[in-house]
Amino acid sequence: MVLSDVRLEVMRYIEGKLDVVMAEFLKPVEEYWQPSDLLPDATQENFLEEVKLLRESARELPYDHIAVLVGDTITEEALPTYESWLMDVTGINQHDPSAWTKWVRNWTAEENRHGDLLNKYLYLSGRVNMRAMEVSTQYLIADGFDIQTGRDPYRNFVYTSFQELATNISHRRTATLAKQAGNAQLSKICGVIASDEMRHAKAYKSFVSQIFEIDPTGMMLAFEDMMRKKIVMPAHFLRETGVQIGQTFSHFSDAAQRLGVYTTHDYINILDSLLTEWQIAYMEDLNDAGQRARDYLMALPDRLRRVAERTKLPELDYQFTWIA
Ligand SMILES: [Fe+2]
Ligand SMILES: [Fe+2]
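Please read all numbers here as calculations on a predicted model, not as lab measurements.

### Describing the nonpolar core
1) Next: Counting residues in each nonpolar core, the largest one holds 101 residues, and the members touching the most others are Trp103 and Phe223.
2) Next: At 12 residues, the largest contribution of residues to this core is made by helix α9 (residues 184-214).
3) Next: Apart from the residues within four sequence positions on either side, Trp103 is in contact with Leu18, Met22, Leu26, Ala203, Tyr204 and Phe207.

So, in structure tokens, the structure goes:
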């Protein structure tokens, strides 16, 4: 059997159980939060008063904190790229709607609120050059991305498992920092987004667990391949006016490192948690290549930690066009 036929069969098998996953890890639209629940209501008399309070509490947020929020917002707003990427994965076909297309659409619909909410908050905060931010968003969608998964569902679900965990960590830490700065509103905003990301992570991790049950060697090789290539962030093509692709993203990730909202150590800890979640150390029924992949993966966290120990914290020396 060719590789893609195995993939298709596995995808069909998981599809049969997707309704359970959706019921567990997605929320009903009507019952869940919308961005407007967490922002001043422009139809109300006290709107301007609330905006004033929002601006006052945003005034004290450190430069790096704002930079990270802008980068997070742009990343979230590039959602069209992510949906179109997932729709193109082997076994998912929007012209032949199935539980998979339903999953992708519902996931997209939940995610879409993240960018909406953060964007409106930042607009009202008065801390951001909105035009510069919007230019970056348009560039990021126009430039697209390459997360090195191809159309392979195995590689894509490693990627999404990893990525949802990474966004959970960064939004959660931003929430904690906002709380420490006395900004309860922003803390709540980042907190609700973080909890969405965790639900999504659980769903994607469950897809990978199921694949391991059916095709352990294939899944192990895909996991190894993704980790050898390194998981790139979805906004790795992020750019500002007049700045080369790659540079803005690296400044954004420097700000996140300094602030401690997403660091090299988090990357390694996520890998560790996935090794545990998928019980990689105890995986059986692997061929020789699969066993070598397992050994590589099990040794990887320690190797990465040794490298991370030698890496210095980047210093503050960059002015984003985004920040007023
Ligand atoms: Fe998100
Ligand atoms: Fe997400």
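### Points about the packing of aromatic side chains
1) Next: According to the stated counting rule, one finds 17 aromatic pairs in the structure shown.
2) Next: Pairing Trp100 with Phe157 gives two aromatic rings, centres 5.4 Å apart and planes at 20 degrees, and the pair type is stacked. With Trp100 in helix α6 (residues 99-125) and Phe157 in helix α8 (residues 153-180), the pair connects residues that are 57 residues apart, well separated along the chain. Of the two residues, Trp100 and Phe157, neither departs from the other in class, the shared state being buried.
3) Next: For Trp100, a relative accessible area of 0% gives the class buried.

### Section: the coordination of the iron ion (ligand 2)
1) Next: Protein coordination at the iron ion (ligand 2): the donors are Glu111 (OE), Glu164 (OE) and Glu197 (OE), at 2.0 to 2.1 Å from the metal.
2) Next: For the iron ion (ligand 2), the donor residues sit on a single chain with the sequence spacing E-x52-E-x32-E.
3) Next: For the pair the iron ion (ligand 2) and the iron ion (ligand 1), the metal-to-metal distance amounts to 3.4 Å, and Glu111 bridges them. You can see Glu164 sitting in helix α8 and its partner Glu197 sitting in helix α9, a full 33 residues away along the chain.
4) Next: The class for Glu164 is buried, based on a relative accessible area of 5%.

### Thoughts on the coordination of the iron ion (ligand 1)
1) Next: Every protein donor of the iron ion (ligand 1) is listed here as Glu76 (OE), Glu76 (OE), Glu111 (OE), His114 (ND1) and Glu197 (OE), and their distances to the metal cover 2.1 to 2.4 Å.
2) Next: Mapping the donors of the iron ion (ligand 1) onto the primary sequence gives the spacing E-x34-E-x2-H-x82-E.

### Looking at helix α7 (residues 130-143)
Residues lying three or four places apart along an α-helix face the same way, a consequence of the helix completing one turn every 3.6 residues.
1) Next: Compared with the 20 Å implied by 1.5 Å per residue over 14 residues, the 20 Å span of α7 between its first and last C-alpha is a close match.
2) Next: Among all positions in α7, only Met130, Ala132, Met133, Ser136, Thr137 and Leu140 are buried. For α7, the angular spread of buried residues about the axis comes to 165 degrees, placing them on one side. Turned more than 90 degrees away from the buried face of α7, the exposed residues are Arg131, Gln138 and Ala142.
3) Next: Tucked inside the fold, the buried residues of α7 contact α4 (63-77), α5 (79-87) and α6.
4) Next: Within two residues after α7, Gly144 carries a phi angle of roughly 70 degrees, on the positive side.

### Quick notes on the side chain of Asn156
1) Next: Residue placement: Asn156 occurs in helix α8.
2) Next: A polar contact of 3.1 Å, which involves the side chain of Asn156, links it to the backbone oxygen of Gly150.
3) Next: Ignoring sequence-local partners within four residues, the contact set of Asn156 consists of Trp85, Leu86, Val89, Ile147, Thr149, Gly150 and Arg151.

What counts, and at which threshold
- Residues numbered from 1 in each chain as written.
- Chains lettered and ligands numbered in written order.
- Predicted model: local features only at pLDDT ≥ 70, side-chain atom pairs only at ≥ 80, totals over all residues.
- Heavy atoms only, no water.
- Core = buried A, V, L, I, M, F, W, Y, C linked by side-chain atoms within 4.5 Å.
- Buried < 20%, exposed > 50% of the residue type's maximum accessible area, 1.4 Å probe, protein only.
- Helix = DSSP H or I, 4+ residues; strand = E, 2+ residues; numbered from the N terminus.
- Contact = heavy atoms within 4.5 Å.
- Phe/Tyr/Trp six-rings, centres within 6.5 Å; stacked < 30°, edge-to-face > 60°.
- Donors = N, O, S within 2.8 Å, 3.2 Å for Na, K, Ca; no water.
- Expected span 1.5 Å × (residues − 1).
- Arc of directions from axis to C-beta.
- Polar contact = N/O pair within 3.5 Å; in protein donor to acceptor, adjacent residues only side chain to side chain.

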